[in-house]
Every structure is written in structure tokens, then in C-alpha cells.
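Descriptive structure summary
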Amino acid sequence: MNSTGYDPVHTIVDGITAYAAAINDQSVAEGGVLAYRLLAREIRQVMRPGDTCRLALSSTIVTPDVRVGCFVIVLQDRILIAFRRGMFRKTSETVVIPISSITGVRSESGTSIATLGTQLLTIFGEPSVTIALPVRRHVAAANAIRRAIATPDM
């Protein structure tokens, strides 16, 4: 629970279920639950009562200096990406992208040595972020995320 006593676990489960249904792969639900459990404290700190979870999924965040597992949550007004970096001294981080700041979404195959063979999705906003998609279901995953963040003016 966060400082207001709010526990978003049911909201997160709704998002995990929506993602599994959208890509027609129920096996992703287990990975989503495990990722949430690892990062629950960080996620609870940034979620608020009344948040509606459109999608929730485990992924990998890809930056020039970090490629680590993360948990992505698409809410009605923002995207939350929680992850832990560091080998010995784990540091938790949460990236918050307001949906109103998103100007585009691009999917592509990884081209660097570190991402070769990986399907990537870049969300252009403030800040911009790149995540990895499941290789066999990358088209469905990218489309599900695009639909979840779509706003009338996008």
C-alpha cells in the first residue's frame, strides 16, 4: 500500500489480463505477475486511487547504458515503467510518461549488437523510452500498446 493506503493490485491484474487477451497469449500473465511482485513497492508509490490500468506487461527497458527487465503500466493518463538497475547495489527507478506528451510510437528490429534479433518499441514523449517486445507476438503487442495510449488527438 502507498501512503494513502491504496493498494493497486486489482488494477494491475486487470491490465495484465487485458494485455494477455490483446496478444492472445495467456502465458504472459505469469511473467507480468512476477514482474509486478518484484517492483510492487515502486509501483505503489506512483499509483493513485482512481487510476485505470489499460495494459500491464513485463518487458525490458533499452537505453544506451541499461538493458534490464521492467514492468510497463499504461494508465488512463500516463505510462509508468518501473525497473531495477545495478548488479550488486540495486537501484529502483520509475519512468513516468504523460500520455498527453506522447507524439508517436515506432516499432522496429534492433540493429545494435546488444539488441540484434529483438523487436523494439519506442514511445516518443517526455521522456522517450524504448522497450523490447515479445519476438513471436511483437506485432500484436505493439498494436495493443498503441491502442492503449491512443487519445482522440493522436
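As a starting point, this report considers the structure included with it. Residue positions are given per chain, counting from 1 as you read along its sequence in written order. Where local features are concerned, this predicted model is filtered to residues with pLDDT of at least 70; where side-chain atom pairs are given and counted, the filter is 80 or more; whole-chain, interface and lining totals use all residues. As a convention, hydrogens and water are excluded, and side-chain values are obtained from all of the structure's heavy atoms.

Attention now goes to the layout of surface pockets. Points on a 1 Å grid over protein atoms alone make up a cavity when a 1.4 Å probe fits among them but cannot get out, and a pocket when they form an open set with protein on both sides within 12 Å along at least five of seven lines; lining residues each have an atom within 4 Å of a point. Grid points are joined across faces, edges and corners, and a volume is the space filled by probe spheres set on the points. In this structure, the largest pocket encloses a volume near 170 Å³. In this text, helices come from DSSP runs of H or I with a minimum length of four residues, and strands from runs of E with a minimum of two, each type numbered from the N-terminal end. Put simply, the parts of the chain that give the lining of the largest pocket at least two residues each are helix H2 (28–46), strand E2 (67–75) and strand E3 (78–85). By the convention adopted, Pro, Cys, Tyr, Trp, Phe, Met, Ile, Leu, Val and Ala count as nonpolar, Lys, Arg, Asp and Glu as charged, and the other residues, Gly among them, as polar. Its residues assigned to classes, the lining of the largest pocket shows eight nonpolar, one polar and one charged.

Take helix H3 (residues 138–149) next. To estimate how far a helix should reach, multiply one less than its number of residues by 1.5 Å. Here H3 contains twelve residues, and its C-alpha end-to-end distance of 17 Å stays within 8% of the 16 Å for a straight helix at 1.5 Å per residue. Think of it in three bands: residues with accessible area under 20% of the maximum for their type are buried, residues over 50% are exposed, and the middle band is partly exposed, with areas taken using a 1.4 Å probe on protein chains only. Within H3, the full set of buried residues consists of Ala 141, Ala 142, Ala 144, Ile 145, Ala 148 and Ile 149. Projected onto a plane normal to the axis of H3, the buried residues spread over an arc of 160 degrees and lie on a single side. Relative to its buried face, H3 has exposed residues pointing more than 90 degrees away, namely Val 139 and Arg 147. The directions considered for the arc are those from the helix axis to the C-beta atoms.

With respect to the secondary-structure elements, Arg 78 resides in strand E3. Looking at Arg 78, its side chain comes within polar contact range of the side chain of Asp 77, at 2.7 Å. Contacts between residues were defined by any pair of non-hydrogen atoms, one from each residue, lying within 4.5 Å. Residue contacts for Arg 78: discarding those within four places in its chain leaves Val 46, Met 47, Arg 48, Asp 51, Ile 73, Val 96, Ile 97, Pro 98 and Ile 99. Each polar contact in these results corresponds to two N or O atoms within 3.5 Å; when the atoms are within protein, one needs to be able to donate a hydrogen and the other to accept it, and residues that are neighboring in sequence are counted only if both atoms are side-chain atoms.

Below, the discussion takes up the nonpolar core. If you look at the biggest cluster of nonpolar residues, it comprises 30 residues, and the most contacted ones within it are Ile 79, Ile 81, Ile 102 and Leu 121. Sorting the residues of this core by element identifies helix H1 (9–22), strand E1 (53–62), E2, E3, strand E4 (91–98), strand E6 (119–124), strand E7 (129–133) and H3 as the ones contributing at least two each. Ranked by the residues each element gives to this core, the list is headed by H3, at six residues. Each residue touching Leu 121, except ones within four places of it in the same chain, is listed here: Val 105, Arg 106, Ser 107, Val 129, Thr 130, Ile 131, Leu 133, Ala 142, Ile 145 and Arg 146. Side-chain atoms within 4.5 Å link the members of a nonpolar core, which is a set of buried Ala, Val, Leu, Ile, Met, Phe, Trp, Tyr and Cys residues. Core analysis: the second largest hydrophobic core is formed by 16 residues, Ile 12, Cys 53, Phe 71 and Ala 82 among them.

Let us now look at the side chain of Ser 59. Along the polypeptide, Ser 59 turns up in strand E1. Of the polar contacts made by the side chain of Ser 59, one reaches the backbone oxygen of Ala 132; its length is 2.5 Å. When near neighbours in sequence (up to four residues on either side) are disregarded, Ser 59 contacts Val 68, Gly 69, Cys 70, Val 72, Ile 131 and Ala 132.

So, about H2. Over its 19 residues, H2 runs only 23 Å from end to end, short of the ideal 27 Å by more than 12%, given 1.5 Å per residue. Helix geometry: H2 is bent most strongly at Leu 39, by close to 75 degrees. Within H2, burial applies to Val 28, Gly 32, Ala 35, Tyr 36, Leu 39, Ala 40, Glu 42 and Ile 43. Those residues of H2 hidden inside the fold are in contact with H1, E1, E2, E3 and E4. Across the chain, bend at a residue is computed as the angle between axes fitted to the seven residues ending at that point and the seven starting from it.

Here the focus is the packing of aromatic side chains. Stacked, edge-to-face and tilted are the three classes for Phe, Tyr and Trp ring pairs, Trp counted by its six-membered ring, which pair at centre distances within 6.5 Å; planes under 30 degrees apart are stacked, over 60 edge-to-face, the rest tilted. As enumerated under the stated definition, the model contains one aromatic pair in all. Ring geometry for Tyr 36 versus Phe 71: centroids 6.0 Å apart, planes at 55 degrees, classification tilted. Here Tyr 36 is found in helix H2, whereas its partner Phe 71 is found in strand E2, with 35 residues between them in sequence.

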